[in-house]
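This is what each chain is made of:
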Amino acid sequence: MSLYNALELLLKKAPNRIPTGYWEQDGQYIFNTKATPMNEGMAMPAQYVVTADGEVYGTNPIQSNLDVSKMKHLPAPRKK
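Conventions used here
- Residues numbered from 1 in each chain as written.
- Predicted model: local features only at pLDDT ≥ 70, side-chain atom pairs only at ≥ 80, totals over all residues.
- Heavy atoms only, no water.
- Buried < 20%, exposed > 50% of the residue type's maximum accessible area, 1.4 Å probe, protein only.
- Helix = DSSP H or I, 4+ residues; strand = E, 2+ residues; numbered from the N terminus.
- Pairing = 2+ DSSP bridges.
- Phe/Tyr/Trp six-rings, centres within 6.5 Å; stacked < 30°, edge-to-face > 60°.

**Some words on the pairing of strand β2 (residues 28-35)**
The element β2 is largely enclosed, with a buried count of 7 among its 8 residues. Two strands pair when backbone bridges link them, and strand β1 (residues 17-25) and β2 are joined in this way by 8 bridges, in the antiparallel orientation. Across the sheet, the residue bridging to E24 is Y29, located in β2. The hairpin formed by β1 and β2 contains 2 residues between the paired strands, and D26 there has a positive phi angle of roughly 55°. Of the pairings in the sheet, the one linking β2 to strand β3 (residues 47-50) comprises 4 bridges and is antiparallel in character. Across the sheet, residue Y29 finds its bridge partner in β3, namely V50.

**Comments concerning the packing of aromatic side chains**
Per the counting criterion, the structure on display carries 3 aromatic pairs. Plain terms: the ring middles of Y29 and F31 are 6.1 Å apart, the flat faces sit at 20° to each other, and that makes the pair stacked. For the residue pair Y29 and F31, the accessibility class agrees, reading buried in each case. By way of ring pairs, the aromatic residues Y22, Y29 and F31 are connected into one cluster.

These results come straight from atomic positions and should not be treated as a statement about function.
Structure (C-alpha cells):
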C-alpha cells in the first residue's frame, strides 16, 4: 500500500483529525494526528495504524513502540 492510499483510508475513518507525520513499521503506516478546531478537547486517539489490508484503528506511542525522532513529517494542509 502506498502512503497516499493509507492517508485516504485514514481520512475516511478519522475525518476530524489532521495527519502531521507518520512511521512505516512492519508493513503498515502509523500516523500521528492533531485535532481540528471543531473537535479540540475531545477524547480520541492521536495515533492511527493503517494496515496493509486497509484496517484502520487507533493506537498510542507505547503500544506501537514509536520513536518521535524517527517520525517522517507531512506538510501542513493549505488554507483555502
